[in-house]
Amino acid sequence: MAIKSLSFDRAAEIYDETRGFPPGVADLVTDSVASILPTGARVVDIGVGTGRIAKPLLARGFRVTGVDLSPKMMRRLLETLPPGSPRPPLVEGDAGRLPLASQIFDAAMSVHVFHLIAQWREALAEVRRILKPGGVFLTGHEWRPDDSPPQVVFRKWREIVGAKGIAAHEGPGARDFEDVKKELFALGAAMDEWAVGEWATTRTLARHIETIEHRTWSSTWGVPDDFFPQCLAELRAWAVSEYGSLEREFTTPRKFIWQRFQW
């Protein structure tokens, strides 16, 4: 059976509240894109979702086309457009075979998407195909230190799940951003990157584990219901033994990273 890309239909109603930027950071992310693109540039957002990145760009006059596998996420985008905002063209489809003409976009962008795309290498080749000569591809992600409790907790979760014989990988696509970068280098791209906005979050271990319990993240969706409670109990027991209390608070520095690729 062919591996399929992962749709976010089930997350459409909670996505914005669980993935949003803190006040001011969204403006900085939008400013950084606007500063490197020509006025009114034509942009395709691959994995547009609910429009977290696309909607502010529309408000700045950019001509944004959205592509996503999830009709529910795109419906949510349309429902939450600000009054007077232009309605962007939205295309339901898999990025591995984009239903878009060649060399028509000034820029393509994606944020936390390529780990969800089964045919992710083909999708990167598709990005290059639809870009105009000299166009740019922007990939973005939120950074946290590898040794921060949120990262450590998720690594332990994957370890516990993997010990049960359940695939612990977070998606059907690229394993991490390094895989994407290496593939783009192999396609002849040059890259630069920069940080946009810095902030910190303070949460208890219990709150981090609750996001797993509520299956907020796609990495939890493939764990069968009959295994899930046992895995969760093991994670909580480990956290208590490692940190002393689930109510212990930790402050985690974060920042948003853009990587720009050009041919």
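See the structure shown above.
Residues numbered from 1 in each chain as written. Predicted model: local features only at pLDDT ≥ 70, side-chain atom pairs only at ≥ 80, totals over all residues. Heavy atoms only, no water.

Draft legend 1. Geometry of the overall build of the protein chain. Helix and strand content of the protein chain: 9 helices and 7 strands. Radius of gyration (C-alpha) of the protein chain: 19 Å, near the 18 Å computed for a compact globule of 263 residues. Over its C-alpha atoms, taken along the principal directions, the protein chain stretches across nearly 55 × 45 × 35 Å. In the protein chain, which comprises 263 residues, the share counted as buried stands at 49%. Taking contacts inside the protein chain between residues at least 6 apart in sequence as the whole, the part at least 24 apart equals 79%. Counting only carbon and sulfur atoms, one obtains 50% of the accessible surface of the protein chain, whose full area is about 12,800 Å². Distance from the positive charge centre (33 side chains) to the negative charge centre (34 side chains) of the protein chain: 3 Å. (Helix = DSSP H or I, 4+ residues; strand = E, 2+ residues; numbered from the N terminus. Rg over C-alpha atoms; globule rule 2.2 N^0.38 Å. Buried < 20%, exposed > 50% of the residue type's maximum accessible area, 1.4 Å probe, protein only. Contact = heavy atoms within 4.5 Å. Areas by Shrake-Rupley, 256 points an atom, 1.4 Å probe, with all protein chains shown as cover. Lys, Arg positive; Asp, Glu negative; His and termini not counted. Charge placed at Lys NZ, Arg CZ, Asp CG, Glu CD.)

Draft legend 2. Representation of the pattern of salt bridges within the structure. Within this structure, the stated rule accounts for 14 salt bridges. Close ionic contact of Asp31 with Arg60 constitutes a salt bridge, the shortest N to O distance being 2.4 Å. Linking Asp31 in helix 2 (residues 25-34) with Arg60 in the loop between helix 3 (54-59) and strand 2 (63-68), this pair joins segments that are 29 residues apart in sequence. The residue Glu142 makes a salt bridge to Arg52 at a minimum N-O spacing of 3.0 Å. Of this pair, Glu142 sits in strand 5 (residues 131-143) while Arg52 sits in the loop between strand 1 (42-46) and helix 3; the two residues are 90 residues apart in sequence, bridging distant segments of the chain. Shared partners join several salt bridges into a network, and the residues in it are Arg52, Glu142 and Arg254. (Salt bridge = Lys/Arg side-chain N within 4 Å of Asp/Glu carboxyl O.)

Draft legend 3. Representation of the packing of helix 6 (residues 149-163) against helix 9 (residues 228-243) in the model. Between helix 6 and helix 9, whose axes approach to 10 Å, the crossing angle comes to 135 degrees. Put simply, helix 6 runs oblique to helix 9. In the packing of helix 6 onto helix 9, the handedness of the crossing is right-handed. Contacts between helix 6 and helix 9 involve Pro149, Val152, Val153, Lys156, Trp157, Ile160 and Val161 from the first element and Phe228, Cys231, Leu232, Glu234, Leu235, Trp238 and Tyr243 from the second. Taken together, the residues that form the contact of helix 6 with helix 9 break down as 12 nonpolar, no polar and 2 charged. (Axes fitted to C-alpha atoms, helices over the stretch in contact; angles between N-to-C directions. Parallel < 35°, antiparallel > 145°, perpendicular 65-115°, else oblique. Left-handed = near helix turned anticlockwise from the far one by under 90°. Nonpolar A, V, L, I, M, F, W, Y, C, P; charged D, E, K, R; others polar.)

Draft legend 4. Examining the sheet that holds strand 5 more closely. With mixed pairing, the 7 strands of this open sheet are ordered in space as 3-2-1-4-5-7-6. The open sheet has two edge strands with one neighbour each: strand 3 (90-92) and strand 6 (190-204). Ignoring which end each strand starts from, the neighbouring axes of this sheet average 20 degrees apart. Pairing between strand 2 and strand 3: 3 bridges, direction parallel. Bridge pairing in strand 3 places Asp68 opposite Glu92. Against the sheet, helix 2 touches strand 5, strand 6 and strand 7 (249-262), its axis set at about 180 degrees to strand 6. (Pairing = 2+ DSSP bridges.)

Draft legend 5. Structural view of the environment of Arg87. Take Arg87: it is sitting in the loop between helix 4 (71-79) and strand 3. When its relative accessible area of 64% is taken as the criterion, Arg87 is described as exposed. For the pair formed by Arg87 and Val161, sequence separation is 74 residues and the distance between their alpha carbons is 42 Å. Ignoring sequence-local partners within four residues, the contact set of Arg87 consists of Leu78 and Leu81.

Draft legend 6. Here's a closer look at the nonpolar core. Counting 26 residues, the largest nonpolar core has Val29, Leu37, Ile53, Phe256 and Trp258 as its most contacted members. For this core, the secondary-structure elements that each account for two or more residues are helix 2, helix 3, helix 4, strand 4 (105-111), strand 5, strand 6 and strand 7. Look past the residues within four positions of Ile53 in its chain and what remains in contact with it is Phe21, Val29, Asp45, Met109, Val111 and Trp258. Counting residues in each nonpolar core, the second largest holds 23 residues, with Ala95, Val127, Leu184 and Phe261 among its members. (Core = buried A, V, L, I, M, F, W, Y, C linked by side-chain atoms within 4.5 Å.)

Draft legend 7. Inspection of unusual backbone geometry at higher detail. One non-glycine residue, Gln103, lies in the positive phi region at around 55 degrees. Following the sequence through the fold, Gln103 ends up in the loop between strand 3 and strand 4. Positive phi values are uncommon outside glycine, yet His112 reaches one of about 55 degrees. Residue classification places His112 among the partly exposed residues on the basis of a relative accessible area of 29%.

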